[in-house]
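Inside the fold
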Amino acid sequence: MKFAPTTWSTCVAKRSRSAFTLAEALAALAFMAIVIPVAVEGLRVANQAGQVADRKAAAGRVADRVLNEMLVTKQWQQASSSGEVQEGRLSYRWRLLTEAWVQDTLKQLTVLVTYSVQGQEYDVRLSTLVDSAQQ
């Protein structure tokens, strides 16, 4: 097997043919300047959506627990109730709302749980009906 002799000029010629031109490098940088901020914003939105979903599930558990406690202890008959619950390191504010239902003896109890994610307020509502005639 024979190899062609390598000279300095052929090595330099091969190297210059395989390099990027200044225009190609600038075009790649401009493309990255457009794509990177869009990708970072997409990650931020995905992170916020994940946090909202996680905290919404926790707020639903808080609302269920508060509503059940109000029903069992009959504290829903008081004028108004509100409070704050710690779930892990996060706190959730809740408020009990009582409204008359379409039928005479029924009342609609709604627990409104509010929480914030990245400076925005969100809420979860959980409702049930109770017979106000039975005490």
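As a reminder, the structure under discussion sits directly above these lines.
So, a few notes on the structure that sits alongside this text. (Residues numbered from 1 in each chain as written. Predicted model: local features only at pLDDT ≥ 70, side-chain atom pairs only at ≥ 80, totals over all residues. Heavy atoms only, no water.)

Side note on the pattern of salt bridges
Within this structure, the stated rule accounts for four salt bridges. A salt bridge links Arg44 to Glu41, with the nearest nitrogen and oxygen atoms 2.8 Å apart. Taken together, the positions of Arg44 and Glu41, both in helix H2 (residues 22-73) and three residues apart, correspond to about one turn of that helix. On the accessibility criterion, Arg44 (38% relative accessible area) is partly exposed. Overall, Glu41 belongs to the partly exposed group, its relative accessible area being 38%. Glu87 is paired through a salt bridge with Arg61; the nearest N and O atoms lie 3.3 Å apart. (Salt bridge = Lys/Arg side-chain N within 4 Å of Asp/Glu carboxyl O. Helix = DSSP H or I, 4+ residues; strand = E, 2+ residues; numbered from the N terminus. Buried < 20%, exposed > 50% of the residue type's maximum accessible area, 1.4 Å probe, protein only.)

Here's the deal with the environment of Ala58
Topologically, Ala58 is positioned in helix H2. Each C-alpha atom, one on Ala58 and one on Glu87, is 7.4 Å from the other, the two residues being 29 residues apart in sequence. Not counting chain neighbours up to four residues away, the residues in contact with Ala58 comprise Glu87 and Tyr92. (Contact = heavy atoms within 4.5 Å.)

Overview of a nonpolar patch on the surface
The grouping of Leu22, Leu26, Leu29, Phe31, Met32, Ile34, Val35, Ile36 and Val40 at the surface amounts to a nonpolar patch, some 920 Å² of accessible area in total. Within the secondary structure layout, Phe31 lies in helix H2. (Patch = residues over 30% accessible without salt bridge, like charges linked within 9 Å, V, L, I, M, F, W, Y side chains within 5 Å. Areas by Shrake-Rupley, 256 points an atom, 1.4 Å probe, with all protein chains shown as cover.)

Regarding the sheet that holds strand S1 (residues 81-87)
The strand order S1-S2-S3-S4 describes an open sheet built from four strands, whose pairing is antiparallel. Each end of this open sheet is capped by a strand with a single partner; those strands are S1 and strand S4 (120-131). Taking the axes of each pair of neighbouring strands and ignoring which way they run, one obtains an average angle of 25 degrees across the sheet. Summarising the sheet, strand S3 (residues 106-117) and S4 pair through 12 bridges and their orientation is antiparallel. What sits directly across from Leu109, in S4, is Thr128. Sheet strands in contact with H2 are S1, strand S2 (90-100), S3 and S4, and its direction is about 145 degrees off that of S3. (Pairing = 2+ DSSP bridges. Axes fitted to C-alpha atoms, helices over the stretch in contact; angles between N-to-C directions.)

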